[in-house]
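Descriptive structure summary
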Amino acid sequence: MRWLRRRGRHLAVLATALLALPLPAAASQAAAASPSPHPAPYALVPQPVSQQAVQGQGFTLTPRTPIAVLSKNAAAWGVGTYVSKMLAPATGYSLPVVRDTRTRKNAVVLDPNGPKSLGAEGYTLSSGKHGVVVRAHGAEGLFRGVQTLRQLLPAEVESHSRQPGPWTVSPVRITDSPRYGYRGVMLDVARRFYPVEQVKRYIDQAAAYKINTLHLHLTDDQGWRIAIDAVPNLTKVGASTQSGFTGGTNWYYSAEDYKEIVAHATSRFMTVVPEIDGPGHTQAALASVPELNCDDKAKPPYSGFDVGISLYCLQDKEHTANTSRFLRTVIKAVARLTPGPYIHLGGDETPQATPEQYGAYVKAATEATTARNKTVMGWHQLGQAAVPSGSIMQFWGEADDRESIGTPQETESIRFVRNGVAQGAKFVMSPSDHAYLDMKYDVSTPYGLSWSGYVPVQKSYEWDPATSTAKLDGTGSIVPAQQIAGVEAALWADRAYEGSNALPTPSTRWPEPHAYADYMSYPRLPALAEVGWTPQSARDWKDFRQRLAQHGPRWAAAGIGYHAAPGIPWPGTVKVVEGAHSVETGGKALDNPGGSTSDGTGLVLWAPNRGGNQTWTFTRQSDGSYTMTNKTSGKCAEATGGSGAAVVQRTCDNQAGQRWKVIPLDDGEHAIASAGSGLLLTAAAASDGATVTQQKSSGSALQRWTID
Ligand code: ACM
C-alpha cells in the first residue's frame, strides 16, 4: 500500500493536534546582538564552485553606471534589461543598458562570449573597485551569474521600495557551474489554485537560487487547471473545485494565462514542465468527460482530501480508446503551448489499476507525447510499464525504500526504479523525506503533512542525489550516476491550511497560496537548490546554515514570508537559553526515550521531532547554570559520577548533578557542562538511540549542541 502513503497516512499525527502556531519570524528568539560574523567568502546560495575574495574595495553603483552587454544577441540583451529592472525599485536608479564591443571600466559588463567550457549555465564573475564583469557562454549562464551578483549586493537590494544604499558589490572572483542540469521546483496548482501573478512571483524567487525548471502539477482529483479548447467541460466542471473549496468559475489557466507563465519562466531561463496526471488522480477529468468512466456517467467533482479514489476506465477496448483519444487531444494542446521538451504524465498512486490497465494508460500517454516530439516524464511508478528510452522518472521514495535495497523484500518503488533504469530512463531525485516541501519542518509547523517524517532545514540540505536510491550507508546506488538528471523540490498542496493534522472545518484559516508557498519553501527551497547546484564535496551543513542565515534579511526585504526555522543563526536574533528548546547535535535531538516517566532512564539521541520528550526547559539557577527539565516527564537531566557516567533523567532536586553550564561556541553552538563535574554533555554517535554521557572535552562535534 505504498502508494497510499502520501495522503493515506494523513491522520497518523493526530496526536499532535494541539498545534502551536508559529511565532512571527524572529519573535521566537529575542532580538538583539548580531550573529557570529561570517565574512568572505560571501554568503552565497548556492555555494559557487570556486570563490576567491579579492583585496580592496567593491564596486559601488551610481545612477549612471551602465550595464554593458557585449553582444547583439537578444537574449543577452534581455539579461541586461532584467538586471536594470531588478535593481530599480530598491536603488531608485534606472541603469542604462548599452551595447558594447569590449569590457569597460566602471560598468556592470555582461559578456556572453565566454569559453564553451563554461557550459550552458556556467559563468565567471569578477568584481572589484573598477567594476563587475560577468562572463558566460551564452545568455543563460549570464542570467545565472547575475543571480550571484545580486547576492553580492546588500540585502536591501531585494526591497520593493527605495532604500538608502550605498550599492556596493563585494569584491570577489568566482568560477561556477552546476552539478546537475535539471534543478526543479514543483507547484501543486491542482489542489490549490495559484493565480498567474503568484506563479510568476514564485518563479522570480526560485530563479534567484538558480532553479531552472518549474513543474506545474496541473491536474488531480481536486481540479483541472489548464483550458483545453476541444474539451471545454474540463474547465467548466473540472476546475470548479479545489481541496476544501467548491463553486469556482475561474480556477484555471486559459491558454493566454499559461503562455504568460511560460513566457515569464522563459525570461528567467526556466523550463515549464506541465503535468497531466493519470491514470489515477483523475477525478476532475472523470467529472468533466462522461466517456472516460466505465458507466459513461460523469463522476461528481471532488473537493475532499482522500487519495487513490479515481482511475480512467481502461477495462475494455471502447473505454481504453476513449482514454487514448482524450489523452491525444489534451497532450496535443498542452504540447503546443509548451516550448520545453517535457510532458509529465504522472503515473503515481493508482491502487485500483491492474498491471494491464496501467500499461494501457502508459502506452496511450507516452505515444501521445512522443507523437508531439516531447520527452516523457513521470513519477517513478511509470517504470513498471514500458516507457521510451530517455524518459525521465521522478523518484519520490524515502528511507524505507533505500533500506530495502538488496534485501529479498525490496519495495515496489525500488523495483519500479530498477525497471526504469533498465529501460534507459533518467532520474530526477525528489526523495519525499528530503525534497517534499509540504512535509512539516517539525511538530509545530501549522501546514502540511508528515507521512514521510518531519523535514527540518538540515534534512532538506543533508542528502546526496547520487545516493538517494542507494542503501542507507550510501553504497549500491541502483541508478547509475550518469542516469541522474537532477533534483526537484515538490510543494504539494494537500493540506495548505492551518491545523493540517486534522481535516479543515468552516473556521479553518487558509493562507493565500503565496503565503503557504513562502512559509514551506523558505528556507528549504534554497537548501535544495544548493543540493542540485553545488558539488557534494563543497557542501557542509554548518557552513551552509551560516550563509543561509544571511538570506533571511533578503527574504524579509523582498516580502517573502519565510519560516525563521530553528537551527539557523538568523541575524538580529540571539539565543535565549531560558525556556523550552530542542537540544541537538549531529542532526539528532536529545531525547527521553519513549517519553519515559521513570527515574534513571538514560537519555539518548533521536531524529528531531520537537515532541514533548525532546523538549527541554532551561531554568536559570543562581550560579548562572541551568536545569534542563523534560516536558513529557517533568524530570531533570542529571549526571552523577565521573567521566563516562550516563546522563539520565531524575526527579528535580537542584543538586549540582542537575545543573548545567551553557557555554557559547564560535558558530552558534554550545558546550553543555555539568556544574558538578565540569564534564561535557556528549553523544556517543550521531545516530538514533546513541547514548548520552558526560565526558572530558575532546573537541568532538558530538560535544557541540544547538539549543533551538
Ligand atoms: C506523489 O507524491 N504521489 C508523487
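Here's what I pulled together on the structure shown here. Within each chain, residues carry numbers counting from 1 in the order of the written sequence. Since the coordinates come from a predicted model, pLDDT governs what is reported: local features require at least 70, and pairs of side-chain atoms require 80 or more to be given and counted, while whole-chain, interface and lining totals use all residues. Hydrogens are left out, water is left out, and the side-chain values use all remaining heavy atoms of the structure.

A closer look at the packing of aromatic side chains
Stated precisely, the cut-off is as follows: Centres within 6.5 Å are what make two rings of Phe, Tyr or Trp a pair, Trp counting through its six-membered ring; a difference in plane orientation under 30 degrees is then read as stacked, over 60 as edge-to-face, and the rest as tilted. Strands here mean DSSP runs of E at least two residues long; helices mean DSSP runs of H or I at least four residues long; both are numbered from the N terminus. Classification of residues uses two cut-offs on accessible area relative to the type maximum, computed with a 1.4 Å probe and protein chains only: under 20% is buried, over 50% is exposed, and between them is partly exposed. Charges are assigned to positions over rings by a cutoff of 6 Å between ring centre and Lys NZ or Arg CZ, combined with an angular limit of 35 degrees from the ring normal.
Inspection of the entire model under this criterion finds 27 aromatic pairs. A ring pair is formed by Tyr-312 and Phe-326, whose centres lie 6.1 Å apart and whose planes are at 65 degrees; its orientation type is edge-to-face. Here Tyr-312, found in the loop between helix H7 (283–288) and helix H8 (317–337), pairs with Phe-326, found in helix H8; they are 14 residues apart in sequence, far enough to count as distant. What makes Phe-326 buried here is its relative accessible area of 6%. The structure contains a cluster of three or more aromatic residues connected by ring pairs, namely Tyr-209, Tyr-522, Trp-555, Tyr-562 and Trp-570. We note Arg-99 situated over the ring of Trp-77; from NZ or CZ to the ring centre the distance is 4.6 Å.

Quick notes on the packing of helix H15 (residues 524–533) against helix H16 (residues 541–549)
Defined as follows: To obtain each axis, a line is fitted to C-alpha atoms, and for helices this fit is confined to the stretch in contact; angles are then taken between N-to-C directions over 0 to 180 degrees. Angles are sorted into four bins: roughly parallel if under 35 degrees, roughly antiparallel if over 145, roughly perpendicular if 65 to 115, and oblique for all others. For a crossing to be left-handed, the near helix must be turned anticlockwise from the far one by less than a right angle; the clockwise case is right-handed. Every residue pair with non-hydrogen atoms within 4.5 Å of one another is taken to be in contact. Ten residues, namely Ala, Val, Leu, Ile, Met, Phe, Trp, Tyr, Cys and Pro, are considered nonpolar, four, namely Asp, Glu, Lys and Arg, are considered charged, and the remaining ones, Gly among them, are considered polar.
Two elements in contact, H15 and H16, have axes separated by 11 Å at closest approach and are oriented at 130 degrees. Here H15 lies oblique to H16, going by the angle between them. In terms of crossing hand, the pair formed by H15 and H16 is right-handed. Contacts from Pro-526, Ala-527 and Glu-530 of H15 reach H16 at Phe-544, Arg-547 and Leu-548. Here the residues of the contact of H15 with H16 sort into 4 nonpolar, no polar and 2 charged.

Quick word on the sheet that holds strand S9 (residues 172–176)
What counts is decided by this rule: Only strands that DSSP links by at least two bridges are regarded as paired with each other.
If you walk across this open sheet you meet the 7 strands as S1-S9-S6-S7-S5-S3-S4, and the pairing is mixed. Edge positions in the sheet fall to strand S1 (50–53) and strand S4 (97–99), since each has one partner strand and no second. Pairs of neighbouring strands in the sheet enclose a mean axial angle of 15 degrees, with direction left out of account. Bridge count for strand S6 (residues 123–128) against strand S7 (residues 131–136) is 6 bridges, and the pairing is antiparallel. Considered in S7, the bridge of Tyr-123 is made with Ala-136.

A look at the pairing of strand S30 (residues 680–683)
Residues Leu-680 and Thr-682 point to one face of S30 and Leu-681 and Ala-683 to the other, with burial holding for every one of them. Pairing of S30 with strand S31 (residues 692–695), which is carried by 4 bridges, proceeds in the antiparallel orientation. When the bridges of S31 are listed, Thr-682 appears paired with Thr-693.

Examining the packing of helix H4 (residues 196–207) against helix H14 (residues 513–521)
Where H4 contacts H14, the axes come no closer than 10 Å and their chain directions differ by 20 degrees. Between H4 and H14, the interaxial angle falls into the category roughly parallel. Relative to H14, the crossing made by H4 is right-handed. Listed contacts from H14 to Gln-198, Arg-201, Tyr-202 and Gln-205 of H4 are Pro-513, His-514, Ala-517, Asp-518 and Ser-521. Taken together, the residues of the contact of H4 with H14 sort by class into 3 nonpolar, 4 polar and 2 charged.

Description of the layout of surface pockets
For the record, the criterion: Detection works on a 1 Å grid of protein atoms alone, calling trapped sets that fit a 1.4 Å probe cavities and calling open sets with protein on both sides within 12 Å along at least five of seven lines pockets, with lining residues defined by an atom within 4 Å of a point. Grid points are joined across faces, edges and corners, and a volume is the space filled by probe spheres set on the points.
Within this model, the largest pocket holds a volume of roughly 1,200 Å³. Lining of the largest pocket is provided by 45 residues; of these, Lys-459, Gly-587, Lys-588, Ala-607 and Pro-608 occupy positions nearest its centre. Of all elements in the fold, only helix H10 (399–404), helix H12 (432–435), helix H13 (457–461), H16 and strand S21 (583–585) reach the threshold of two or more residues within the lining of the largest pocket. Residue classes in the lining of the largest pocket are distributed as 17 nonpolar, 11 polar and 17 charged.

Structural notes on the side chain of Ser-521
So the rule is basically this: In protein, a polar contact requires one atom able to donate a hydrogen and another able to accept it; more generally it is a pair of N or O atoms within 3.5 Å, and residues adjacent in sequence count only if both atoms are side-chain atoms.
Position of Ser-521 among the secondary structure elements: in helix H14. One polar contact links Ser-521 to Tyr-202, side chain to side chain, over a distance of 2.6 Å. With near-sequence residues (within four places) excluded, Ser-521 lies in contact with Tyr-202, Leu-437, Tyr-441, Leu-491 and Pro-526.

So, the pairing of strand S22 (residues 588–591)
Looking at chain direction, S21 and S22 are connected through 2 bridges and run antiparallel. Residue Glu-584 lies in a different strand from S22, and its bridge partner there is Ala-589. Hairpin remark: S21 followed by S22, antiparallel, with 2 residues in the connecting loop; positive phi at Gly-586, about 55 degrees. Two elements, S22 and strand S23 (residues 604–606), share 3 bridges in a ladder whose sense is antiparallel. Bridge pairing in S23 places Asp-591 opposite Val-604.

Describing the sheet that holds strand S32 (residues 706–707)
What the 4 strands build is an open sheet, ordered S23-S22-S21-S32; its pairing is antiparallel. With partners counted over all chains shown, the strands left at the sheet margins are S23 and S32, one partner each.

What about the pattern of salt bridges?
How we decide: We define a salt bridge as a contact between a side-chain nitrogen of Lys or Arg and a carboxyl oxygen of Asp or Glu at a distance within 4 Å.
In this structure the tally under the stated criterion is 31 salt bridges. For Arg-144, the salt bridge is made with Glu-140, and the minimal N-O distance between the two is 3.0 Å. Here the residue Arg-144 and the residue Glu-140 both occupy positions in helix H3 (residues 139–151), the gap between them amounting to 4 residues, near one helical turn. In this structure Arg-144 comes out as buried when scored by relative accessible area, which is 0%. Note that Arg-554 and Glu-158 form a salt bridge whose closest N and O atoms lie 3.7 Å from each other. Remark: Glu-158 occurs in the loop between H3 and strand S8 (168–169) and Arg-554 occurs in helix H17 (residues 552–558); sequence separation between them is 396 residues. Across the pair, Glu-158 and Arg-554 agree in class, each one buried. One salt-bridge network, in which partners are shared between bridges, spans Glu-121, Glu-140, Arg-144 and Arg-183.

Regarding helix H9 (residues 355–370)
Here is the rule we go by: By this rule, a helix spans an expected 1.5 Å times one less than how many residues it contains.
Under the 1.5 Å per step criterion, the end-to-end length of H9 is 22 Å for 16 residues, consistent within 8% with the ideal 22 Å. The complete set of buried residues in H9 reads Gln-357, Tyr-358, Tyr-361, Val-362, Ala-364, Ala-365, Thr-366, Ala-368 and Thr-369. In this fold, the buried residues of H9 make contact with strand S14 (271–278), H8, strand S15 (342–346) and strand S16 (375–379).

A word on the state of the cysteines
The condition that has to hold: In plain terms, two cysteine sulfur atoms within 2.5 Å form what is called a disulfide here.
On inspection of all chains with the given rule, the structure shows 2 disulfides. Residue pairing for Cys-294: its cysteine sulfur links by disulfide to Cys-313, the two sulfurs lying 2.0 Å apart. Taking the torsion about the sulfur-sulfur bond, which here is approximately 95 degrees, the covalent link between Cys-294 and Cys-313 counts as right-handed. Here Cys-294 is found in the loop between H7 and H8, whereas its partner Cys-313 is found in the loop between H7 and H8, with 19 residues between them in sequence. With relative accessibility at 37%, the residue Cys-294 sits in the partly exposed group. Under the relative-accessibility criterion, Cys-313 is labelled buried at 3%. Residue Cys-636 pairs covalently with Cys-652 via a disulfide, S to S 2.1 Å. Between Cys-636 and Cys-652, the disulfide has an S-S torsion of 100 degrees and is therefore right-handed.

A word on the nonpolar core
Which entries qualify depends on this criterion: To qualify as a nonpolar core, a set must consist of buried Ala, Val, Leu, Ile, Met, Phe, Trp, Tyr and Cys residues joined through side-chain atoms within 4.5 Å.
Leu-110, Leu-214, Leu-216, Trp-224, Tyr-253 and Phe-326 are the most contacted members of the largest nonpolar core, which has 142 residues in total. Membership of the second largest hydrophobic core comes to 22 residues, among which are Leu-603, Ala-637, Val-662 and Ala-683.

Things to note about the environment of Ala-399
Looking at the element boundaries, Ala-399 is found in helix H10. Residue classification places Ala-399 among the partly exposed residues on the basis of a relative accessible area of 27%. As a C-alpha pair, Ala-399 and Lys-471 span 72 residues in sequence and 8.8 Å in three-dimensional space. Dropping the residues within four chain positions of it, Ala-399 is found in contact with Asp-433 and Leu-472.

The values are spatial; any link to function lies outside them.
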